[in-house]
Each structure stands twice: as C-alpha cells, then as structure tokens.
Amino acid sequence: MDEQKINKICWWIPIKKFRNSFKEILYLYSNKEKMMTFLEKNNAEKIYKLVDIMEHSINLVNEINDQELQKKILKENLKQIEIEISSFCNRKCWFCPNSFIDRYSKKIDLSESIFLKIINNLKEIEFDGNISFHRFNEPLADKKLILTRVKQARNILPNTSLSISTNGDYLTREYVDDLANAGINYIWCSYYLKKGEEFSNVNAEKACKEMSKKLGLEYVIDFYDDNSYYANFLHNGLIKFQYKIINFDKLCNNRGGTIDKFVDNIRYNPCYSPFGAMYVDYNGLVLTCCNTRSDIEEHKDHILGDLNKNNIFEIFTNSNYVRMRKELYSYKAKSGACKYCNSYIGYDFLDKFLNKL
C-alpha cells in the first residue's frame, strides 16, 4: 500500500498521534515481514487493539453495502435512536423552530409500518441501547398512540431502555403509572418559564412543588446552579423521572442556526452524533442530530436517509452518513446547520475510542 493511498484513508483522523499510528499500521499491513518484526519488538496486544480501532473507524467513514457487515457496524456503534411518533406539538416556544414552523394545526403520525420496521431491525442486532420517543413534537399529546408504541417496543426489545422527553402539560399521576406499566424506563420532563418569568432557584422550586402536587409524587433535588435546576421525582415503577428547569436565555441551543439569538461563534470542535445515534422524523426521514429536522430548508443536507425506502442498516452505513461523519469528525470550521452549533454532543464515542488504547 503506497503512501498516497494511506494518506487518503487516514486524512480525516483529527488527532495527529492516532493518525500517525494508523498510517504506521497500514504501512506495516502491506509488508508481512516488517509487520512480524514490528510485533516482536512491541507490545502485540496493544498493536492488535490499535488495528481493531483502525478497522472499526475505517468502516464508519466508508460506504458499506454488505448487509451482514452493516448489521455488525450498527450493533457495535448505535447507542441511541430518537423517534418522532407524530408531528404535533401543543407549544410554540420561542427557543424552538416550532415558533415559526406550524406543528400545531395538523397532526401527522409516523406510520406504524415504519415504526415496526425500525423496532424489528433493532431486534435483529439485539439492540440494548436507548430509544427516545421525542424530537420536535410532544409525544404525550396522543395517549393511545404513545402507549401503543411503547408496548410494541417493549414486547419486541425487552432489554432496550425506553425514554420519553415531554413538556409535562399532559401528565397526570395515572398517565405516569400507565407509562411505567407500558415499559418506559425514563421520563425527562421540562418546565418552561412563562412569558416575563425570570429564572431563579426560587421560581424553579415553586415549579417543582406545583408538579409534585399535580402528580402526587415526592421529589429530591438533584442539582442546581445559576441557570439550571434538576429534581428527581420518586416513582417505584420508573428507573428515573427527572424534572428540569433551564434558563433558556443563557443555555439555549440555536437549533442548527435557526434561533438567531444564539447564532454566534463558528464551531471548530468535532461532533460525534452521527457515529452513534439516529434521529427519525415523523415522515420516516433520518437526520444528523437532535437539532436538525426535515421540514427546514436549510437542514435538507442533513437528511441522511429515508426509512420508506431503506432499512436502518443500509442508512447508517450509506454515503450520506459517511459524508456527515467526515465533515464533523475534524477540528475544521463547520458549515451549514453545524456552522454555529453550540452543542457538544457525542463525546462518549471519543471516550470509547481513547479508552481502547
């Protein structure tokens, strides 16, 4: 293997130390005698780990067409899939694109066939990561629909974690119990400050007390600082029910450049979201991350696949996913919806990567 080909394979690796190590291993691969000499002089176990990482990484930045290898790659890497079971949201928060895109007047459900396609694909790889029922909708607005989908997922994927993110408007104690009985492991509930209401720990504590009274559940304070307040509600049927109050004036994300208030510095940091996650819109389209959506023109380049046409194995290893990983896995200035992104997501992938060495 010549130097030009090696450079072409390794150019995207952002950390010089590892890029040079990969180059060295690739070079040795092309010469069996040199490889054997190298292994005799060095720690063979460490070298084999490095080779494993190299092969693993190369698979993620090259389009794969073999179905069995696609499944293997998905099983090794997918940690979370976020599914939008319907388009409807009952709120029009200023810090969300729903403030200028209508998600209120019409409700479109993700087709059951697409949902079951996702769940059955995950069953094929014995998925044990997390399924989150949320994107830019309110998943609890349709009680019959969410309970049906949760039960379907739980029956087919008994070892998978199931979570819901909600604004809490539809929650009652009975609803919480029904979700727990259906198979939900986590509820992440947010309180949004009313118009003119300033964030303070006093206001946050008041919100927690109101929710506690509404649900008939006790809570304990988990964490708080000048701009956030987290409390855990105690429910025997749930692993975790977290209630959070955030100062969105300070901590808001610009949602792929769509919220002007937070469009500020150009992003240079890498993002690893497309290495370990999938985000499915109500229409079956798969997006790069939790901040991108298929109904915004500026985000069209972030549509990575269509579940109406392909399965999740094919999508996760297709040319669009590969392109996005190469664009984001670097310390170069980002562009498009990622240009001003102020989220630092996906570092679990990098930690896993480094811990193998």
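Residues numbered from 1 in each chain as written. Predicted model: local features only at pLDDT ≥ 70, side-chain atom pairs only at ≥ 80, totals over all residues. Heavy atoms only, no water.

S.K.: What is the right way to read the overall build of the protein from this model?
M.R.: Looking only at helices and strands, one finds 14 helices and 10 strands in the protein. Buried residues in the protein amount to 51% of all 357 residues. Summarising the internal contacts of the protein: among those between residues at least 6 apart in sequence, 68% fall at separations of at least 24. A total accessible area of about 17,800 Å² is found for the protein, and carbon and sulfur atoms account for 48% of it. (Helix = DSSP H or I, 4+ residues; strand = E, 2+ residues; numbered from the N terminus. Buried < 20%, exposed > 50% of the residue type's maximum accessible area, 1.4 Å probe, protein only. Contact = heavy atoms within 4.5 Å. Areas by Shrake-Rupley, 256 points an atom, 1.4 Å probe, with all protein chains shown as cover.)

S.K.: I tried to follow the sheet that holds strand β7 (residues 240-246) on my own but got confused; where do I start?
M.R.: Strand-to-strand pairing in sheets goes through backbone hydrogen bonds, with the strands running parallel or antiparallel. An order of β5-β6-β7-β4-β3-β2-β1-β8-β9-β10 is seen for the 10 strands of this open sheet, with the pairing classed as mixed. Pairing within the sheet leaves two strands with one partner each, and these edge strands are β5 (219-224) and β10 (303-306). On average, each strand axis in the sheet is inclined to that of its neighbour by 25 degrees, with strand direction left out of account. With three bridges joining them, strand β9 (residues 285-287) and β10 adopt antiparallel strand pairing. (Pairing = 2+ DSSP bridges. Axes fitted to C-alpha atoms, helices over the stretch in contact; angles between N-to-C directions.)

S.K.: Honestly, the pattern of salt bridges in this entry has me stumped. Any pointers?
M.R.: Pairing of side chains with opposite charge becomes possible as their charged atoms draw close. This model, assessed by the stated rule, comprises 15 salt bridges. Between Asp281 and Arg135 there is a salt bridge, with the nearest N and O atoms lying 2.6 Å from each other. Highlighted residues: Asp281 in the loop between β8 (277-280) and β9 and Arg135 in the loop between β2 (130-133) and α7 (143-156), separated in sequence by 146 residues. As far as the burial class goes, Asp281 and Arg135 line up, both buried. Close ionic contact of Arg173 with Asp177 constitutes a salt bridge, the shortest N to O distance being 3.2 Å. One end of the pair, Arg173, and the other, Asp177, are both in helix α8 (residues 173-182), four residues apart, so they sit about a helical turn from each other. We classify Asp177 as partly exposed; its relative accessible area is 25%. (Salt bridge = Lys/Arg side-chain N within 4 Å of Asp/Glu carboxyl O.)

S.K.: Which parts of the structure should I look at to understand the side chain of Ser161?
M.R.: Its location among the elements puts Ser161 in strand β3 (residues 161-166). A residue is classified by how much of its surface remains accessible, and Ser161, at 18% relative accessible area, is buried. Setting aside anything within four residues of it in sequence, one finds Ser161 in contact with Gly129, Asn130, Ile131, Asn185 and Tyr186.

S.K.: I tried to follow the pairing of β2 on my own but got confused; where do I start?
M.R.: Here is the key point about a regular strand: its side chains alternate between the two faces of the sheet. Burial of β2 is two-sided: the residues Asn130 and Ser132 facing one way and the residues Ile131 and Phe133 facing the other way are all buried. Examined bridge by bridge, strand β1 (residues 80-83) and β2 share four bridges and lie parallel to one another. Its bridge partner being in β2, Ile83 is matched across the sheet by Phe133. Once the chain exits β1 it traverses helix α6 (residues 112-124) before rejoining the sheet at β2, and the crossover so formed is right-handed. Bridge analysis of β2 against β3 gives four bridges, and the strand direction is parallel. Bridge pairing links Phe133 to Ile164 in β3. In this fold, β2 hands off to α7, which returns the chain to β3; that crossover is right-handed. (Right-handed = clockwise from strand over helix to strand, strands pointing away.)

S.K.: Got a minute to help me understand the state of the cysteines in this structure?
M.R.: Covalent bonding between the sulfur atoms of two cysteines defines a disulfide. Considering all chains together, one arrives at zero disulfides under this definition. With no disulfide partner, Cys208 has as its closest neighbouring cysteine sulfur the one in Cys189, 9.7 Å distant. A disulfide-free cysteine, Cys290 has its sulfur positioned 5.2 Å from the sulfur of Cys289, the nearest such atom. Of the residues examined, Cys290 reaches a relative accessible area of 25% and is grouped as partly exposed. (Disulfide = S-S within 2.5 Å.)

S.K.: Which parts of the structure should I look at to understand unusual backbone geometry?
M.R.: With glycine set apart, most residues show a phi of negative sign, and most peptide bonds adopt trans. For Glu126, which is not glycine, the phi torsion reads 50 degrees and is therefore positive. If you trace the backbone, Glu126 turns up in the loop between α6 and β2.

S.K.: Where do I start with the confidence of the model for the protein in this structure?
M.R.: Regions with low pLDDT carry predicted coordinates that are not meant to be interpreted in detail. Taken residue by residue, the protein gives an average pLDDT of 85. The fraction at 70 or more is 80%. Contacts for the low-pLDDT stretch residues 346-357, under 50 throughout, to residues beyond four places or in other chains number 27 contacts. (pLDDT = per-residue confidence, 0-100.)

S.K.: Help me understand the packing of aromatic side chains, please; the structure alone is not making it clear to me.
M.R.: The way to describe two aromatic rings as a pair is by their centre distance and the angle between their planes. On inspection of all chains with the given rule, the structure shows 14 aromatic pairs. Taking 5.3 Å as the distance between ring centres and 40 degrees as the angle between the ring planes, the aromatic pair formed by Phe233 and Phe241 counts as tilted. These aromatic residues form a ring-pair network of at least three members: Trp94, Phe95, Tyr192 and Phe248. Over the face of the ring belonging to Phe136 we find Arg293, whose NZ or CZ atom lies 4.5 Å from the ring centre. If you follow Arg325 out to its NZ or CZ, it ends over the ring of Phe275, 5.9 Å from the centre. (Phe/Tyr/Trp six-rings, centres within 6.5 Å; stacked < 30°, edge-to-face > 60°. Lys NZ or Arg CZ within 6 Å of the ring centre and 35° of its normal.)

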